[in-house]
Amino acid sequence: MGALMTLDLPAESPLLGLPWIITFGPLGDLDEWEPVVCGPYERPHALALAEAVVADEQLVAVVEPLLPALSADEIRSEIAAAQVAAEDEARQVESADLYGDFDDVIDEELDAAADEAGHGEPAEPPDEAEVRAGFTRIAALLTAK
């Protein structure tokens, strides 16, 4: 069994409505091959497809949103925002006391419980017609931007 990684987003996150891609790569250091990038998909399709592939293979699948930037300036803005967020996170880690933040532990425990409650049977991967319908919706989304 492989590993699936994705963002943990709140239900109201605008990222959920974006197209998503899947990057498959080797799970361990022993295998060396170029990652395979697939998509774009709607998020539920991307998660189900990634889960189906890593269920039987020693692979890692990273499911992430695809940001449809229209200019170099938009891309620079996204990069700057990511850098600021990383710096803020680093400052929070540095300012944490020796024993950590009790609220963070509670949040992690609640997140773990929610994850366990959400895990049941793996989602059935979409069939080709469902994926093609998703492509049509993604194309409409991208051309409307």
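Above this text is the structure in question.
Residues numbered from 1 in each chain as written. Predicted model: local features only at pLDDT ≥ 70, side-chain atom pairs only at ≥ 80, totals over all residues. Heavy atoms only, no water.

### Here's the deal with the nonpolar core
The nonpolar side chains of a soluble globular protein tend to be buried with one another. Of all hydrophobic cores here, the largest spans 12 residues; its members are Trp20, Ile22, Phe24, Tyr41, Ala46, Leu49, Ala50, Val54, Leu59, Ala61, Val63 and Val131. Mapped by element, the contributors of at least two residues to this core are strand E2 (20-26), helix H1 (43-54) and strand E4 (59-65). With 4 residues, H1 is the largest single contributor of residues to this core. Here Phe24 is in contact with Trp33, Pro35, Val36, Cys38, Ala50, Val53, Val54, Val60 and Ala61, once residues within four sequence places are set aside. (Core = buried A, V, L, I, M, F, W, Y, C linked by side-chain atoms within 4.5 Å. Buried < 20%, exposed > 50% of the residue type's maximum accessible area, 1.4 Å probe, protein only. Helix = DSSP H or I, 4+ residues; strand = E, 2+ residues; numbered from the N terminus. Contact = heavy atoms within 4.5 Å.)

### Quick notes on the environment of Leu7
Mapped onto the secondary structure, Leu7 falls in the loop between strand E1 (3-6) and E2. What makes Leu7 partly exposed here is its relative accessible area of 40%. Each C-alpha atom of the pair Leu7 and Pro65 lies 8.7 Å from the other, and the pair is 58 residues apart in sequence. Residue contacts for Leu7: discarding those within four places in its chain leaves Leu15, Arg43, Val63 and Pro65.

### Brief notes about the sheet that holds E2
In spatial order, the strands read E1-E4-E2-E3; together these 4 strands make up an open sheet with mixed pairing. This sheet does not close on itself; its edge strands, each paired only once, are E1 and strand E3 (36-41). For this sheet, the mean inter-axis angle between neighbouring strands, taken without regard to orientation, is 20°. Taken together, the 4 bridges between E2 and E3 define a ladder with antiparallel strand orientation. Of the residues in E3, the one forming a bridge with Trp20 is Tyr41. (Pairing = 2+ DSSP bridges. Axes fitted to C-alpha atoms, helices over the stretch in contact; angles between N-to-C directions.)

That's the geometry; what it means functionally is another story.
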